[in-house]
Amino acid sequence: MKLVTILGTRPEIVKLSPTLPIFDKIFEHIIIHTGQHYDYNMDKIFFEQLHLRDPDYNLDIGSGRQAEQTGKMMMKIESILINVKPDAVLVFADPNTPLAGALVASKLHIPVIHFEAGCRSFNKKMPEEINRILTDHCSDLLLAPDKVAYDNLIREGFDEKQIHVVGDIVFDATNRNKQFITDSKILEKFGLTDNNYVLVTIHRAENTANKESLGEIVDFVKYLSSKIDVVFPLHPRTRDTLKSFGLTIDPKIKVIEPQGYIEFLKLISSSRFIVTDSGGVQEEAVVFNKCCLVARNETEWTRLTDIGKNILATNKKENLIKWSDKLLNDDELNRIKKISFEFENDVSTKVVNIIKDFMENDIKK
Ligand code: UD1
Ligand code: UDP
């Protein structure tokens, strides 16, 4: 059976990593990389560090406005899918890449499998929210990470037979790869010491698209750096928008390039806590029992914020300051560390078995 996987951004590469070698063994497996992310440290480094083979196609789409980027992807994906004639197409999560892949495949009547289905922020101003909803509704098999996502899909009218709650593949990827971080020299490289710095990542459109919201973040990190070391691997979107708004990050903050996956996991594992608007980082942090202040007004990972492992701090500087002051207090941090959370085990095996069964039994019917 022929499976085409479509990916394009760094978190999609991480999410494919645990199952890629298995798909290569059991299917005729073809990978299309849209080239949505293309800098070495946003793309190729993940293939190298995770020991993944090269994609079969690279579409070199690059950056662009929402419709421009998605439309260009669709045109190229369509030509390939018409030639390759896969039995199914697999896409991940919520960037423009999975939307393009799912739209094209479903119009060609090729069954679509959506990994990380059902996540919702209920904020339709986010491009990712539109992408998730549309990708789910183009999909035939929906692999949901948790019960919250399952309930969202049921509410939107999906048949329960289409949905499988498989757990969170990011936990699997992190658990498999955390053994490699011990050799990392990233702390020494940036003069950081264990448990004595805060790791910050910001890249979402809602935090970077206008000067006011990005200014709130800039002011907050300046405040934070007056209390503790702050290291800020800068996503290229944030780098570009800071420049275009004429905003500068306080020189006390260690602003660094986007890091490789292993270096970044090391930065998570040794941090005191994390401030982020990333989806993946919220999930990875809990594997290392680190608390995230989520610099957003909503999150898809409510099962972590509901129990208090992560904190939905909003992107307003006064709230971020209030919460970070709390986390600078050892008692509060230790209280959060003691909150228990149960990880799903072996998500990859579950996913592979479900996809195999779907390809061998359901598609042919
Ligand atoms: C995209 C996803 C987002 C995901 C994120 C992961 C969409 C709508 N958003 O956001 O859901 O969380 O990837 O990081 O798909 N750029 C570079 N080099 C690169 C890639 C991007 O310089 O290799 C710069 C370009 O100026 C580009 C900007 O970053 O315009 C944004 O890139 P894009 O892929 O459009 O969106 P992300 O913010 O990365
Ligand atoms: N990541 C990385 N280096 C960095 C920042 C993030 O390797 O400098 C990894 C991180 O470990 C996670 C993924 O990139 O696996 C998350 O990507 P991002 O935050 O860009 O996207 P999101 O998860 O929000 O879609």
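Keep in mind that this is a model prediction, so the values were computed, not measured.

Undergrad: What exactly am I supposed to notice about the site of ligand 2 here?
TA: Neighbouring ligand 2 are 16 residues, the closest being Gln259, Ser278, Gly279, Gly280 and Glu284. Arg10 places a polar side-chain atom, nitrogen or oxygen, 2.8 Å from an oxygen atom of ligand 2. Here ligand 2, which alone exposes 540 Å², has 95% of that area covered by the protein. Within the residue set of the shell around ligand 2, elements represented by two or more residues are helix H1 (10-16), helix H13 (261-270) and helix H14 (279-287). Classifying every residue of the shell around ligand 2 gives 7 nonpolar, 6 polar and 3 charged.

Undergrad: Explain the pairing of strand S4 (residues 88-92) here, please?
TA: In summary, the side chains of a regular strand alternate between the two faces of the sheet. Here S4 lies mainly inside the structure; 5 of its 5 residues are buried. Residues Ala88, Leu90 and Phe92 line one face of S4 and the alternating positions Val89 and Val91 line the opposite face, and both faces are buried. Pairing analysis gives 3 bridges linking strand S1 (residues 2-7) to S4, with the strands arranged parallel. Bridge pairing links Leu3 to Ala88 in S4. Taken together, the 4 bridges between S4 and strand S5 (residues 112-115) define a ladder with parallel strand orientation. Residue pairing for S5: Val89 is matched across the bridge by Val112.

Undergrad: In this structure, what is going on with the side chain of His37? I would like to understand it.
TA: Mapped onto the fold, His37 is located in the loop between strand S2 (28-33) and helix H3 (44-49). Apart from the residues within four sequence positions on either side, His37 is in contact with Gly8, Thr9, Arg10, Met42, Asp43 and His235.

Undergrad: Would you mind showing me how to read the layout of surface pockets here?
TA: Rolling a probe over the atoms, with the probe sized like a water molecule, indicates the empty space that remains. Considering only enclosed or pocket space, the second largest pocket measures out at about 180 Å³ in volume. Taken together, Ser17, Pro18, Pro21, Gln49, Leu50, His51, Leu52, Ala173, Arg176, Asn177, Gln179 and Phe180 form the lining of the second largest pocket. The element best represented in the lining of the second largest pocket is helix H8 (residues 169-177), accounting for 3 residues. For the lining of the second largest pocket, a count of residues per class yields 6 nonpolar, 5 polar and 1 charged.

Scoring rules and cut-offs
- Residues numbered from 1 in each chain as written.
- Chains lettered and ligands numbered in written order.
- Predicted model: local features only at pLDDT ≥ 70, side-chain atom pairs only at ≥ 80, totals over all residues.
- Heavy atoms only, no water.
- Near = heavy atom within 4 Å.
- Polar contact = N/O pair within 3.5 Å; in protein donor to acceptor, adjacent residues only side chain to side chain.
- Areas by Shrake-Rupley, 256 points an atom, 1.4 Å probe, with all protein chains shown as cover.
- Helix = DSSP H or I, 4+ residues; strand = E, 2+ residues; numbered from the N terminus.
- Nonpolar A, V, L, I, M, F, W, Y, C, P; charged D, E, K, R; others polar.
- Buried < 20%, exposed > 50% of the residue type's maximum accessible area, 1.4 Å probe, protein only.
- Pairing = 2+ DSSP bridges.
- Contact = heavy atoms within 4.5 Å.
- 1 Å grid on protein atoms, 1.4 Å probe; cavity = no way out; pocket = protein on both sides within 12 Å on 5 of 7 lines; lining within 4 Å.
- Points joined across faces, edges and corners; volume = space filled by probe spheres on them.

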